[in-house]
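Coordinate analysis (summary)
Chain by chain, the residues:
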Amino acid sequence: MSTGFVSIDVLSCECSSLAQVLLHHGLFPTSPSQPRMAVSVDLLSFYRALFERSCDAINALASALKTHYSRRGFQVTDARV
């Protein structure tokens, strides 16, 4: 059974902080110094889209998914198209 967590080793040098390296790879660190975990920037973006439309659970999810994919360049269509 998968937990959704993935462990990776991240190497950094003096020219970039660990937080900068994580952000460069699409991960947001959970602490400003010595982060032990990071969250996907895409997941945070999806959460933001969901939060912006959280009045009704089903409609919020559908609208958030549309916004999430539209921001990434996908064209979302509905039954009227």
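In short, a report on the structure.

Conventions used here
Residues numbered from 1 in each chain as written. Predicted model: local features only at pLDDT ≥ 70, side-chain atom pairs only at ≥ 80, totals over all residues. Heavy atoms only, no water. Helix = DSSP H or I, 4+ residues; strand = E, 2+ residues; numbered from the N terminus. Contact = heavy atoms within 4.5 Å. Areas by Shrake-Rupley, 256 points an atom, 1.4 Å probe, with all protein chains shown as cover. Phe/Tyr/Trp six-rings, centres within 6.5 Å; stacked < 30°, edge-to-face > 60°. Patch = residues over 30% accessible without salt bridge, like charges linked within 9 Å, V, L, I, M, F, W, Y side chains within 5 Å. Salt bridge = Lys/Arg side-chain N within 4 Å of Asp/Glu carboxyl O. Buried < 20%, exposed > 50% of the residue type's maximum accessible area, 1.4 Å probe, protein only. Disulfide = S-S within 2.5 Å. 1 Å grid on protein atoms, 1.4 Å probe; cavity = no way out; pocket = protein on both sides within 12 Å on 5 of 7 lines; lining within 4 Å. Points joined across faces, edges and corners; volume = space filled by probe spheres on them. Nonpolar A, V, L, I, M, F, W, Y, C, P; charged D, E, K, R; others polar.

Let us look at the overall build of the protein chain. The helix and strand tally for the protein chain stands at three helices and two strands. Secondary structure elements of the protein chain, listed N to C terminal, follow the sequence α-β-β-α-α. Long-range contacts, defined here as pairs at least 24 residues apart, represent 7% of the contacts in the protein chain between residues at least 6 apart. Within the structure as shown, the protein chain displays about 7,000 Å² of accessible surface, and the carbon and sulfur contribution to it stands at 59%.

Further remarks concern the packing of aromatic side chains. Per the stated rule, a full pass over the model turns up one aromatic pair. Look at Y69 and F74: their rings are 5.8 Å apart centre to centre, the planes differ by 90°, and that puts the pair in the edge-to-face class.

Attention now moves to a nonpolar patch on the surface. On the surface, a cluster of nonpolar side chains totalling about 430 Å² of accessible area is made up of L61, L65, Y69, F74 and V76. If you trace the backbone, F74 turns up in the segment after α3 (57-71). Overall, the relative accessible area of 52% leaves F74 in the exposed class.

Take the state of the cysteines next. Per the counting criterion, the structure on display carries one disulfide. Note on cysteine connectivity: C13 is disulfide-linked to C15, with sulfurs 2.4 Å apart.

The final tally for this structure, using the stated rule, is one salt bridge. The closest approach of N and O atoms between D42 and R72, which form a salt bridge, is 3.1 Å. Of the two residues, D42 is situated in helix α2 (residues 41-52) and R72 in the segment after α3; the sequence distance between them amounts to 30 residues. Residue classification places D42 among the partly exposed residues on the basis of a relative accessible area of 43%.

Put simply, the largest pocket is a space of about 540 Å³. Forming the boundary of the largest pocket are 17 residues, of which V6, I8, R36, M37 and A38 lie nearest the centre. Put simply, the parts of the chain that give the lining of the largest pocket at least two residues each are α1 (18-24) and β2 (38-40). Classifying every residue of the lining of the largest pocket by side-chain character gives twelve nonpolar, four polar and one charged.

Right, let's talk about the side chain of T67 for a bit. Mapped onto the fold, T67 is located in helix α3. Not counting the four nearest positions on each side in its chain, T67 is found in contact with A49 and R53.

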